[in-house]
Structures are given as C-alpha cells and as structure tokens.
Amino acid sequence: MSPPHGHHVLGAQEVAALGGCSSRPILCKSLPKVLSLEHCWFELTLRTSVHKTCAALQAVQLTPRRWLNLQEYQSKKLMADHGVTVQRFFVADSANDALQAAQRLKAKEIVLKAQILAGGRGKGVFNSGLKGGVHLTKDPKVVEQLAKQMIGYNLSTKQTPKDGVTVKKVMVAEALNISRETYFAILMDRACNGPVMVGSPRGGVDIEEVAVTNPELIFKEEIDIFEGIKDHQALRMAENLGFRGTLQQQVTDASQIDTRGQKEIFAMDDKSENEPIENEAAKYDLKYIGLDGNIACFVNGAGLAMATCDIISLNGGRPANFLDLGGGVKEAQVYQAFKLLTADPKVEAILVNIFGGIVNCAIIANGITKACRELELKVPLVVRLEGTNVHEAQRILSESGLPITSANDLEDAAKKAVASVAKK
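Residues numbered from 1 in each chain as written. Predicted model: local features only at pLDDT ≥ 70, side-chain atom pairs only at ≥ 80, totals over all residues. Heavy atoms only, no water.

Remarks on the pairing of strand β16 (residues 349-356)
Link 1 in the chain: A large share of β16 lies buried, amounting to 8 of its 8 residues.
Link 2 in the chain: Burial of the side chains of β16 extends over both faces: A349, L351, N353 and F355 are buried on one face and I350, V352, I354 and G356 on the other.
Link 3 in the chain: Across 5 bridges, strand β14 (residues 295-299) lies against β16 in parallel orientation. Counterpart to A296 in the pairing with β16 is I350.
Link 4 in the chain: Here β16 pairs with strand β17 (residues 381-387) via 7 bridges, running parallel. Its bridge partner being in β17, I350 is matched across the sheet by L381.
Link 5 in the chain: This β-α-β element, β16 to helix α13 (residues 361-374) to β17, shows right-handed connectivity. (Buried < 20%, exposed > 50% of the residue type's maximum accessible area, 1.4 Å probe, protein only. Helix = DSSP H or I, 4+ residues; strand = E, 2+ residues; numbered from the N terminus. Pairing = 2+ DSSP bridges. Right-handed = clockwise from strand over helix to strand, strands pointing away.)

Considering the packing of aromatic side chains
Link 1 in the chain: Considering all chains together, one arrives at 1 aromatic pair under this definition.
Link 2 in the chain: For R104, the ring lying beneath its charged end belongs to F90, and the centroid distance is 4.0 Å.
Link 3 in the chain: A cation sits over an aromatic face here: K370 above Y335, 5.7 Å from the ring centre. (Phe/Tyr/Trp six-rings, centres within 6.5 Å; stacked < 30°, edge-to-face > 60°. Lys NZ or Arg CZ within 6 Å of the ring centre and 35° of its normal.)

Topic: the sheet that holds strand β12 (residues 219-222)
Link 1 in the chain: Spatially, 3 strands are ordered β10-β11-β12 in an open sheet, and the strand pairing comes out antiparallel. Single-partner strands in this sheet number two, and they are β10 (183-189) and β12. In this sheet, neighbouring strand axes are inclined to one another by 25° on average, regardless of whether the strands run parallel or antiparallel.
Link 2 in the chain: Note that β10 and strand β11 (residues 194-200) share 7 bridges and pair antiparallel. Residue pairing across strands places L187 opposite V196, the latter belonging to β11.
Link 3 in the chain: Packing of helix α7 (residues 231-240) onto the sheet brings it into contact with β10, β11 and β12, and relative to β12 it is tilted by some 175°. (Axes fitted to C-alpha atoms, helices over the stretch in contact; angles between N-to-C directions. Contact = heavy atoms within 4.5 Å.)

And the structure:
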C-alpha cells in the first residue's frame, strides 16, 4: 500500500537514525518529499523510543516544497528553445495586452490560461466571480473581458491555499484540436534513489486516479544518474505511451537534449508566489518555511531541521518555522537569520541546534552573540552546539554575559525551549 499524499515512509535505517529499531516502515506526516531524514546520522545519540518519536511526528505537518518553480509559459518557452513543438502563445499582464496578444495570434480559436503555480486551474474559481482559470473563445474581445476578471484576482483550486493565489499573468495561446493525450513526468523516487520516468497513455485526467483504477497503464523507467536516459528506455516508454513510427524516433531524439545550462534554468525560478520572508531568506542562502507554532528553529541541515521540529512537538511545543542554514555558514548569515526569526510576531522562543561538521561552531557562536546584542533579543534563546570547535563556541557564549540557555543535546534543548514558553 502506498502512503497517502504528503506523507513519507520511514524505513528501518531512518528509524535507526532516530535512535530506535524497526523491522517495518513507519508512516510519518511531517516529512516533506523534498527532504530526507537519511541526513540524521548526526542524531545517533538520540535514544528516544520509536513509538514516542512517531507520536511527535504525527503532530507536525510540513508542506512539500519545490526548489525550482516555473510557470507554464516559462516551461513552454524552455521546451521551444530546445526544439520541442509547442503551440504559439503570448504572455500578458493586463487585459489590454491580452487583447493585443489575441489579435496578433490570428488563430481560429484561442485558449486563455491563468498563470499560477498550481494544478486544477480549469475547475478553479476567482474571487471576481469568474469560474475557471482556462477558457476557450474565438473572439479576441472575449479574451479581454475574461482577462479583466482574472488578472489581479485570486484563483482558488484544489492545490492552492483556501484564499487562492493572485493571478499576475495570463497566457494567450493558439488552441489546438487534441486527438490524444498522454502523461509523462520525470520524478525523484526514494525507492530507487534517483530519478524515474513515469508515463501513461491515459492522459488528460488525474494521474492519481489512473494509478488507482488502471495501475497497469502506469509505466516506469529508472534512470541511472551517471548514464542518463538510455535509447532503449526512451523507445520502450514511447511504445508504452502509444507512439509509433517517426513519433517514436522523435521521443528518442528528445531524450538527448542538452541540459547542462542548469544555472540559466534556475535563474528562471518564479518566486512571485513565495512568502516575502522566504524570498528575503533566499538572499542570504537560507531556506525558510513558515509553520504555525511559537518556537523558532535555527538549524543547519534539512534532516536536522526536521528532527528539531519533531522533538519540539514530542515535548509539547510547536515549531514556528523550518530554517536551514546549510553549510559554509558566515557570521552575517547568522545575524540575518536571527533578524528574520525575531521579525515574526508569533515567535516566543528560539532554539538553535547546530551540528558542526563542515560548520564551525565558533562562527555560529560569534554570530549569535552579535545578533543578540544588536537586535536586543527579547525572547528566550536556547542553544545546542555539537561538533567542530564546539568548546571554543561554548566559551564564547558563556563569557558573553548574555541570557543564553545552553543545552547538552537535542532532547535537553527542546525541553528547555518548551519550558521557556510555558513560563510566560
């Protein structure tokens, strides 16, 4: 049985990394698909029982995140630039621009599509009253009228937050008669530790529904990360998708597309729908995800960040965020991280949990003391440091004269952070 959407299955190795043992997988709600607890080797000292840990994991839910977001029109341009056939289209950010785009297309039929980073747009609803984020028409003036009800309004779909997402652009494209639809994607699959091609000849519907009702129509090909997609894999997938003759050969040719320009692709990342604090964090190479608790987490490494959120929950607290410093940390980053955390009115305490492998704990300690003084920190601060130069770091903190609470390990840190909030 596969896990529900948004869940992640912990295997025996990952459970062991949390200090327990298990011969069966454990369903865990708190893990985003983009992150892995396999990085939790540094928490081998944690001896919390598996049952208690899993109880805590049930209480924290993190939203899966993509680290590269491209709007539909960006993806189409990227494909077109690499020789993939796409329909003619223009992008507009005003109703007048949409009208002009429709007139320039000179198409028999036009499709107008709201551009947001979510699926289900066709069945979505705008707070302007318009139903549907995808419309077909033969009249350019209708395009203008529809664009007036789309641009600047929120579109709610099954994949957006409750209040929807503001539409800032629309794509005005040539409508084509569709003779057949297929599904194709390249996904990261934990089971094979790498990318997997997934395809189905049954396109145009929810692929999740196909997987349940017609699993035999879902085809997979594991991709070797060193060798890439092989010709025979591309041909087999093309055949499974129902392509024949020259179309089958075109699929093989497409598998040879040069993807070395990754910097250029990531430069296209659309951050318009991010929370402002996420964009601000990204300026300093910090990864930030807001949660609904009151204990801020300041951690290095995605796995450790998740473990910290979980242990806070286990001890009766609620994490306010997920902030990952990563490696190669500088004092300036520590200062900016504290600035972001203290700007959140929900934060009533800060827990710093650093494992210094490639990170120098002394740099963290200097950054902490500087931030506390310059920002005049008003909330309790609990610090747990371990690893490279930890003794020097502990000396810096103890001699700072600042009201910083030190912790021996993650469990101790979580208990102290939760207690500091409870005292208020």
